[in-house]
Amino acid sequence: MERKFPHLCKPITIGRVTFRNRMFSAPMGGTDITNDGCIGPKSTAFYELRAKGGAGAVTISECMVHPKTDGSHAYHLDTAILNSLASFAYTADAIRRHGAIPSVELSHSGMYSGTYMTDKSRQHGLAQWGPSACVRPDGVEVGELSHEMIDEIVAAYGQVAGLAKRAGFEMIMVHGGHGWLINQFLSPWFNHRTDEYGGSIQNRCRFARRVLQSVREAVGPGFPIEFRMSGSELFEGGYTLEDGIAIAQELEDCIDLLHVSAGTYQRGFGDTHPSMFKEHGCNFYLAAEIKKHVSIPVATIGGLNDPAQMEEIIKSGKADVVYMARALLADPFLPEKVMANRDEEIVRCLRCFTCMAERAATATRRCTVNPLIGREMEGDYVLPAPEKKKVLVAGGGPGGLYAAWTAARRGHQVILCEKEDSLGGILRSEQALPFKYEMYQLAGTYAHLARKAGVEIRLNTEVTAEYVEREAPDALIIAVGSRPLLPPIPGLKGD
Ligand SMILES: Cc1cc2nc3c(=O)[nH]c(=O)nc-3n(C[C@H](O)[C@H](O)[C@H](O)COP(=O)(O)O)c2cc1C
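Residues numbered from 1 in each chain as written. Predicted model: local features only at pLDDT ≥ 70, side-chain atom pairs only at ≥ 80, totals over all residues. Heavy atoms only, no water.

A. Summary view of the overall build of the chain. The number of helices and strands found in the chain is 16 helices and 18 strands. Against the globule reference of 23 Å for 495 residues, the chain gives a C-alpha radius of gyration of 24 Å, in line with a compact fold. For the chain, the spread of C-alpha atoms along the three principal axes comes to 80 × 60 × 45 Å. For the chain, the residues scored as buried account for 56% of the 495 residues in total. Surface summary for the chain: the accessible area is close to 21,000 Å², and the carbon and sulfur share equals 53%. (Helix = DSSP H or I, 4+ residues; strand = E, 2+ residues; numbered from the N terminus. Rg over C-alpha atoms; globule rule 2.2 N^0.38 Å. Buried < 20%, exposed > 50% of the residue type's maximum accessible area, 1.4 Å probe, protein only. Areas by Shrake-Rupley, 256 points an atom, 1.4 Å probe, with all protein chains shown as cover.)

This is the structure:
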C-alpha cells in the first residue's frame, strides 16, 4: 500500500529501541490512581487503548519520584508500596501487547507541589521546596532545597527509573519543562541560587544533568532517555528560545530524544496547551530551531492534529517525532487511521479544554467529541446488538449523527432524517468563524462515519408523528437540538 503520510509512518530507532511510527502519545494526566499511588485498572485500560490505536509510544503521566518533597503528582513507584510495581508492570504489558513502546514520565513539581490536588486547601499543609526560597502568589511558603535534599532527589530519579525498567517500561521521559522542579532550576525567574546550581546556564543545568546521569546509571546504555523541556518559557523574565538552545546543547550528551514543548503551567498555560484561538502546531518553531543546534532526535508538540501538517514537519526535517495529547483523547485511533490512509475518519480535537476542566474538577477523563472516553475497561464497548432493530433518528446535528453512527455500528438498520437540506445542526453556524471551523468539520466527520457504517440519511425530511407511524421503527431517537442556556443574571434581558 502506498502511504499518504510515509514520513509520519516511518519507524524510528532511538537508543536500542525501534518505534513503529513517529506519532507518540503524550502524558495526559493521571486519573484512577489508588490512594497509595498505583495505576488503577481504568487507567491501564486507557493507556492500552492508545497503544491499540497505533501510537508509536505511549507515555504514562507524571510518576512522582520523591514523595517526601512532592505531594501532588499522581503515581508513585515504590517497592515499599504493595502493588506499586505490579500496577506499573500490568500497564507496561498492556501497552506493549499492541506493538507500542511503553514510556513513563518521571516528575517532581518542586515549589508547585500540591497543584493537582482537588482540595486546594490541603496544599498549605505540604512541604514545598524549590531551587530558591520564596512566597508563592497564593501565599504558600517555599523552602530552598539543601544540597542533601538535592542529592536525595537526584538519587530518587535513578531508583524510580530502575524500577520502571524492571516493570517493563522501555523508555523514560524526564519531565524538565512546564514549570516543574527541573524547569525551576533551569529558569532565571525561579532560580536565584548563588551556588553551583544557580547563575550561568551551565550551573542552572547542573540539577537536570545530575538527574539524567542518575537515570542513565539506573537503566544502562542503549535504554532511551527522553528529556521533555520547554523550548522557551515564553514570559518576560523567564528563559528565552536562545537559552532553550543553550540548555539543549548543554544536556544533549545525556539525552536520546529531546522533546520540545513550551511555556509553564503557572505563567503561560495557553502556550503549553494551545487553545482553538491559536494556529495548529504554533509551538513547533521552537523544536525546529533547537533541532538546528543539536545532533539528537527532536520531538515536537502543541495543538497538532492534522496528518498533512505533521507529515510536513517530519518530511522537512523540522522534527523527528510528533507528540499528541488532546488529539488522542478525541480519537485514540488517529495513528492507526493515518497508517491505513483513513485520515478522513479522524475525529479531531476541538481544543475546547473539557479534558482539562474535568481533570481539575473531578479527576476523570471527559472529551466533548469522544463520549466513550473513560469507558476503556469495557473493551469493545460498541457491542453488536443481540437483536437487530430498525432505528429512526430525528435530527442531523452532532448528537443525532453520533447516535446513528453508534446504532449502525451495533448492527441496526438506521435511518437518520434531517429537516434542513444539510447536516450539522447547530455546528453549521460555526463555519464562518475561522477558529471554530473544526467544530463545523466535526459534523462532516460524524456524517462520513455514519454513512460508512450504513446509515441511510434523508435530508429535507421532517419527522412528524405520521412519519414515525409510517416508518414504524422499533426505536426512535429524538435529537432535534438543544436550547441555549441563559444564566440567571439580573438585567440580562434588559437593554
Ligand atoms: C488533560 C491533560 C493532562 C495533561 N497532563 C500532563 C502530564 O501529566 N504531564 C505532562 O508533562 N503534560 C501533561 N499535559 C500536557 C500535554 O502532554 C501536552 O504537552 C499539551 O496538552 C499540548 O499538547 P496537545 O496540544 O497535543 O494536547 C496534559 C494535557 C492535558 C490536556
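B. Looking closely at the site of the ligand. In the vicinity of the ligand lie 22 residues, with P27, E105, R228, G303 and R326 positioned nearest. Between the ligand and G303, the relevant distance is 2.6 Å, taken from an oxygen atom to a main-chain nitrogen or oxygen of the residue. Expressed as a share of its isolated accessible area of 610 Å², the protein-covered part of the ligand is 99%. Given that more than half its atoms are within 2 Å of the pocket grid, the ligand belongs to the largest cavity. Contributing elements (two or more residues each) for the shell around the ligand: β4 (57–64), α8 (265–272) and α13 (354–362). At three residues, α13 tops the list of elements feeding residues into the shell around the ligand. (Near = heavy atom within 4 Å. Polar contact = N/O pair within 3.5 Å; in protein donor to acceptor, adjacent residues only side chain to side chain. 1 Å grid on protein atoms, 1.4 Å probe; cavity = no way out; pocket = protein on both sides within 12 Å on 5 of 7 lines; lining within 4 Å. Sits in = over half its atoms within 2 Å of the grid points.)

C. Main features of the sheet that holds strand β7 (residues 129–130). Taking strand neighbours across the sheet as the criterion, the three strands line up as β7-β9-β8 in an open arrangement whose pairing is mixed. The open sheet has two edge strands, β7 and β8 (134–135), and neither has a second partner. Two strands pair when backbone bridges link them, and β7 and strand β9 (residues 141–144) are joined in this way by two bridges, in the parallel orientation. The residue bridging W129 from the neighbouring strand is G143, located in β9. (Pairing = 2+ DSSP bridges.)

D. Expanded view of the nonpolar core. Grouped together as the largest cluster of nonpolar side chains are 135 residues, with contacts concentrated most on I172, V174, F207, F227 and L258. In terms of residue count, helix α3 (residues 147–167) provides more of this core than any other element does, eleven residues in total. When near neighbours in sequence (up to four residues on either side) are disregarded, L258 contacts F227, M229, A248, I290, I296, P297, V298 and A299. Counting residues in hydrophobic clusters, the runner-up holds seven residues, among them M111, V142, W180 and Y265. (Core = buried A, V, L, I, M, F, W, Y, C linked by side-chain atoms within 4.5 Å. Contact = heavy atoms within 4.5 Å.)

E. Here's a closer look at the pattern of salt bridges. Per the stated rule, a full pass over the model turns up 24 salt bridges. A salt bridge links D343 to K4; its shortest N-O distance comes to 2.7 Å. In this pair, D343 is assigned in the loop between α12 (334–339) and α13 and K4 in the segment before β1 (12–14), connecting sequence segments 339 residues apart. Owing to a relative accessible area of 16%, D343 belongs among the buried residues under this scheme. When the shortest N-O distance is used, the salt bridge between D320 and K291 registers 2.9 Å. Of the two residues, D320 is situated in the loop between α10 (307–315) and β14 (321–324) and K291 in helix α9 (residues 284–291); the sequence distance between them amounts to 29 residues. (Salt bridge = Lys/Arg side-chain N within 4 Å of Asp/Glu carboxyl O.)

F. Highlighting the sheet that holds strand β16 (residues 413–417). An order of β17-β16-β15-β18 is seen for the four strands of this open sheet, with the pairing classed as parallel. With one partner strand each, in any of the chains shown, β17 (456–458) and β18 (475–478) form the two edges of the open sheet. Direction aside, the axes of adjacent strands within the sheet are offset by 20 degrees on average. The sheet contact formed by β16 and β17 spans three bridges and is parallel. (Axes fitted to C-alpha atoms, helices over the stretch in contact; angles between N-to-C directions.)

G. How the structure looks around empty space enclosed by the protein. In this structure the tally under the stated criterion is two cavities of 30 Å³ or more. By volume, the largest cavity amounts to about 480 Å³. For the lining of the largest cavity, the elements supplying multiple residues, two or more each, are β4, α8, β14, α11 (326–330) and α13. Residue composition of the lining of the largest cavity, grouped by class: 17 nonpolar, twelve polar and eight charged. By volume, the second largest cavity is sized at about 100 Å³. Along its surface, the second largest cavity is lined by 13 residues, and C349, R351, C352, C355 and C367 are the ones closest to its centre. At three residues, α11 tops the list of elements feeding residues into the lining of the second largest cavity. (Points joined across faces, edges and corners; volume = space filled by probe spheres on them. Nonpolar A, V, L, I, M, F, W, Y, C, P; charged D, E, K, R; others polar.)

H. Broad picture of the packing of helix α7 (residues 241–251) against α9. For the pair α7 and α9, the least separation of the axes is 10 Å and the interaxial angle reads 50 degrees. The angle between α7 and α9 falls in the class oblique. When the axes of α7 and α9 are compared, the crossing they make is right-handed. Mapping the contact onto sequence places L241, G244, I245 and A248 in α7 and Y285, L286, E289 and I290 in α9. (Parallel < 35°, antiparallel > 145°, perpendicular 65-115°, else oblique. Left-handed = near helix turned anticlockwise from the far one by under 90°.)

I. Structural view of the packing of helix α2 (residues 84–96) against α3. Two numbers describe how α2 lies on α3: the axes approach to 8 Å, and their chain directions differ by 55 degrees. Judged by the inter-axis angle, α2 sits oblique to α3. In this structure, α2 crosses over α3, and the sense of that crossing is right-handed. In this structure, α2 uses L85, F88, A89 and A92 to contact α3, whose residues at the interface are L163, R166 and A167.

J. Quick peek at α8. For α8, every residue scored as buried is listed here: Y265, G268, D271 and T272. Along the axis of α8, the buried positions cluster into a sector of 130 degrees, meaning they face one direction only. For α8, the N-terminal capping position is held by T264, with its side-chain oxygen 3.1 Å away from the main-chain nitrogen of R267. (Arc of directions from axis to C-beta.)

K. Highlighting the pairing of β4. The element β4 is largely enclosed, with a buried count of eight among its eight residues. The pairing of β4 with strand β6 (residues 101–107) spans six bridges and is classified as parallel. Bridging from a neighbouring strand, A57 pairs with I101 of β6. As defined by bridge partners, β4 adjoins strand β5 (residues 75–76) across two bridges and the pair is classed as parallel.

So yeah, pure geometry; function would need other evidence.
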